[in-house]
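The primary structure of each chain is shown beneath.
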Amino acid sequence: MLNNIYREKLLNAILFFAQKVKHPSRTKVFKLLYFLDFLHFKQTGRPVTDQNYYAWKFGPAPKDLWHELKEGKVPEDFKPYLSIETYISNEEDKQGFNFKPKRKSDLSVFTPREKEILERLAFIFKEATPIQMSEISHLPNQPWDRTIKEKGAGALIDYFLALDKEASISQEEAKEIQEEREEMFRNFPVKPTI
């Protein structure tokens, strides 16, 4: 058992993607986590893993998780579940790493909607390479692109940028959900210290 539900969801999303897609590199899995969180926010006003994503040069990245993994080391609480295998990338001609699950992902930590998004993303991007994932995350008028254009590289990507005309909820509904969530965190501090 990890220290909170968001940390459990983060671990199990990584495990799920590492089991279901080809090329489960850090780059590819980070993009899949980004899509998972932003698609879920677009439907419900809440992210799945509670990660903050930043508009880095090569696409959206969960900065805290990146720092945990930057030297190819597995966080202590993930070690029983996950290992990392280094490789030399043919596309980028530099060292990278793939996630290697030690255990099967525990899908019971996800809601039916979260599971559906996980499965859909794994199906759509099963064969995609890390470079292709980066290109997809850079599409015009999407949250990463808008953040780069409006705030510059390195800025926090606002989840509210996911709320376009196809969103299931309004800006007002999402704002109310976020205010309730922040109140919950103030009253019941469960956020991990990464």
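Here the structure is a predicted model, which is why all the values come from computation and not from measurement.

### Here's the deal with the environment of Trp144
Locating Trp144 in the fold gives a position in helix H6 (residues 143–151). Among all residues touching Trp144, those that are not within four sequence positions of it are Tyr34, Ala55, Trp56, Lys57, Gly59, Pro60, Ser137, His138 and Ile157. There is a polar contact of 2.8 Å between the side chain of Trp144 and the backbone oxygen of Trp56.

### Here's the deal with the pairing of strand E1 (residues 53–56)
Strand direction decides the pairing type here: E1 and strand E2 (residues 59–62), joined by four bridges, are antiparallel. Bridging from a neighbouring strand, Tyr54 pairs with Ala61 of E2. In textbook terms, the turn of a hairpin is the stretch between consecutive antiparallel strands, and for E1 and E2 this stretch comprises two residues.

### Re the nonpolar core
Counting residues in hydrophobic clusters, the biggest one holds 49 residues, and the most contacted among them are Ile14, Phe17, Leu33, Phe99, Leu121 and Ile157. Every element with two or more residues in this core is listed here: helix H1 (5–20), helix H2 (26–44), E1, helix H3 (63–69), strand E3 (82–88), strand E4 (95–101), helix H4 (112–124) and helix H7 (171–187). It is H2 that provides the largest number of residues to this core, a total of nine residues. Every residue in contact with Ile157, bar those within four places of it in the chain, is listed here: Tyr34, Phe38, Tyr53, Tyr54, Ala55, Pro60, Pro143, Trp144 and Thr147.

Reading the values: the criteria
- Here the residue numbering is sequential within each chain, running from 1 through the sequence in written order.
- The model is predicted, so local features are restricted to residues of pLDDT at least 70 and side-chain atom pairs to those at 80 or more, both for listing and for counting; the totals for chains, interfaces and linings are taken over all residues.
- Computation of side-chain values: all heavy atoms of the structure, hydrogens and water removed.
- Numbering of helices and strands runs from the N terminus; a helix is a DSSP stretch of H or I covering at least four residues, while a strand is a stretch of E covering at least two.
- Any two residues whose heavy atoms approach within 4.5 Å are treated as being in contact.
- A 3.5 Å cut-off defines polar contacts: any pair of N or O atoms within that distance qualifies, except that in protein one atom must be a possible hydrogen donor and the other a possible acceptor, and neighbouring residues in sequence count only when both atoms are side-chain atoms.
- In short, DSSP must find at least two bridges between two strands for them to pair.
- Nonpolar cores are built from buried Ala, Val, Leu, Ile, Met, Phe, Trp, Tyr and Cys residues. Side-chain atoms within 4.5 Å join them into one set.
- Burial classes: relative accessible area under 20% of the type maximum marks a residue as buried, over 50% as exposed, and values in between as partly exposed (1.4 Å probe, protein chains only).

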